[in-house]
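# Overview (structure and organization)
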Amino acid sequence: MLHNIIILAGSPFNIRDYSRFGVDILKRHFRVFVYDCTPWINPHLWKEFKNGHICPEYKAIFSWEQFVHQITHIHPGIAIDHLGGCVYQYQIHKMLRDARHLRAVTHDGLIPASHRSSIQQIQQLKMMYSLPGVFFQLATHLKRKILSCFQKMLPPDIAILSGEDALRDFRVQTKHKIWAHSFDYDLYLRFRNHAGASPKPYAVFLDSDMAYHSDFIHMGIRPPVTAGKYYPALLNFFDYFKHHTGLDLMFAAHPKSHYDLRPHLLNGLQPMMGKTPELVRDAELVLCHDSTAVSFPILWRKPIILLTSNELERSWVRLDISNFSKLLHAPIVNIDCLPRLNPDLKTWMRIDEDAYDAYKKRYIKMPGTPEKPVWEIFADYVKNNLKDLIS
């Protein structure tokens, strides 16, 4: 019987993960263990953000030996692998198989992939990393290639999928495919029927924490913008936008941002934390760069304006913004070109329904899948296919 669920986290497990990874839902059906492997596989990240959400199911893993001990002392169940492509992936997958645990992966947070030529890929590396960082990334990539030649990557036993684009990934090729949807769609389900009454029409900006995102720091990536240029240009654009459109503007802060530590960046503009779904739901218009949260305006059928800048046009983000524009038929506005900008709210408020439907199908949710939380769909599948899973 598959009574045990092991959640494997590869970054510091927090309250947001507790919800996204469905701990409360899974506890209604299984015995749950949460193993935060960050101290072991990414000690530098753990040192900076050791803020694991300590719940009764939680345990931090500091070494391979501790991981083996924990895994081998649990009756066979299902390990939900949120570790990503860490350098220990083959050993981890093999250990789970040897201990007779099934391994499940989620293919969530899909966004359009920008197709780059080999030359463009090299140019992107140069823009993203300092010279030592480029060498490190190339060495890591080469190491994984060499390991893949000698170690056959083990496919998952279960793949939890959202949009059809997930099938492009060879790592999800398994018999047991559970068609669900993105984690953002779970939030959409929670908030879609509770529209609020805004006292004044507004637009919302989906922040990407472009200058200080923690992923840039810990992956050694150069931020695509500098705070000294980006934030003044952004705030000037907001003032220009409000003056010419009559819409107020809300700032939906990125969940990993720390504007409380840098309040001067927004010059009095109030960042809204943890309210992105509701803000998008009740907005007239959405402004963003290349955020995964673009799912929300697509689901609520809100018009989208993609913002760029002179810095972003010279950065590794440029092609991603352009790709979003092509897929959604959404206009791109350069925040550094205000004198030449002529806001046409009537044009900006148009959306391409067919483009939105196609995006939803490819990256968010396949038509006909259940209208319930991801982890309820997962639990139903496991219980209904138990014999086939353990055979």
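Structure shown above.
Presented here is a report on the structure given in the accompanying data block. In every chain, residue numbers begin from 1 and rise along the written sequence. Where totals are concerned, whole chains, interfaces and linings use all residues; where local detail is concerned, this predicted model gives features only for residues with pLDDT of at least 70, and gives and counts side-chain atom pairs only at 80 or more. The side-chain figures draw on all heavy atoms in the structure; neither hydrogens nor water molecules are used.

## Description of the overall build of the protein chain
What counts, and what does not: Working definition: helices are DSSP H or I runs of at least four residues, strands are E runs of at least two. Numbering for both runs from the N terminus. Think of it in three bands: with a 1.4 Å probe and only protein chains considered, a residue is buried below 20% of the maximum accessible area for its type, exposed above 50%, and partly exposed in between. The contact rule is simple, with two residues in contact once any of their heavy atoms fall within 4.5 Å. Residue burial considers only the protein chains on display, and all accessible areas are found by Shrake-Rupley using a 1.4 Å probe.
Each helix and strand in the protein chain was counted, giving 19 helices and 13 strands. For the protein chain, the residues scored as buried account for 52% of the 391 residues in total. Of all intrachain contacts in the protein chain linking residues separated by at least 6 positions in sequence, the fraction that spans at least 24 positions is 73%. As presented, the protein chain carries roughly 19,700 Å² of accessible surface, and 55% of it is formed by carbon and sulfur atoms.

## Comments concerning the packing of aromatic side chains
Note the threshold: Two aromatic rings, drawn from Phe, Tyr or Trp (for Trp, its six-membered ring), form a pair once their centres lie within 6.5 Å of each other, and the interplanar angle then sorts them: stacked below 30 degrees, edge-to-face above 60, tilted otherwise. Look at NZ for Lys and CZ for Arg. If either is within 6 Å of the ring centre and within 35 degrees of the ring normal, a charge sits over the ring.
Throughout the structure, instances matching the rule amount to 26 aromatic pairs. Residues F251 and Y259 carry aromatic rings whose centres are separated by 5.5 Å and whose planes lie at 90 degrees to one another, so their mutual orientation is edge-to-face. Relative accessible area serves as the criterion here: at 1%, F251 is assigned to the buried category. Residue class for Y259 comes out buried when judged on its relative accessible area of 6%. Ring pairing ties together the aromatic residues F205, Y230, Y231, F237, F238, F241, F251, Y259 and W348, which thus form one cluster. It is R262 that lies over the ring of Y212; its NZ or CZ is 3.9 Å from the centre.

## Structural notes on helix α6 (residues 89-98)
Turning to α6, its buried residues number three or more, namely Y90, I92, H93, M95 and L96. Those residues of α6 that are buried are in contact with β1 (4-9), α3 (38-41), α5 (64-72), β4 (78-82) and β5 (102-107). Just downstream of α6, R100 is the residue with a positive phi angle, here 65 degrees.

The quantities given are spatial measurements derived from coordinates; they are silent on function.
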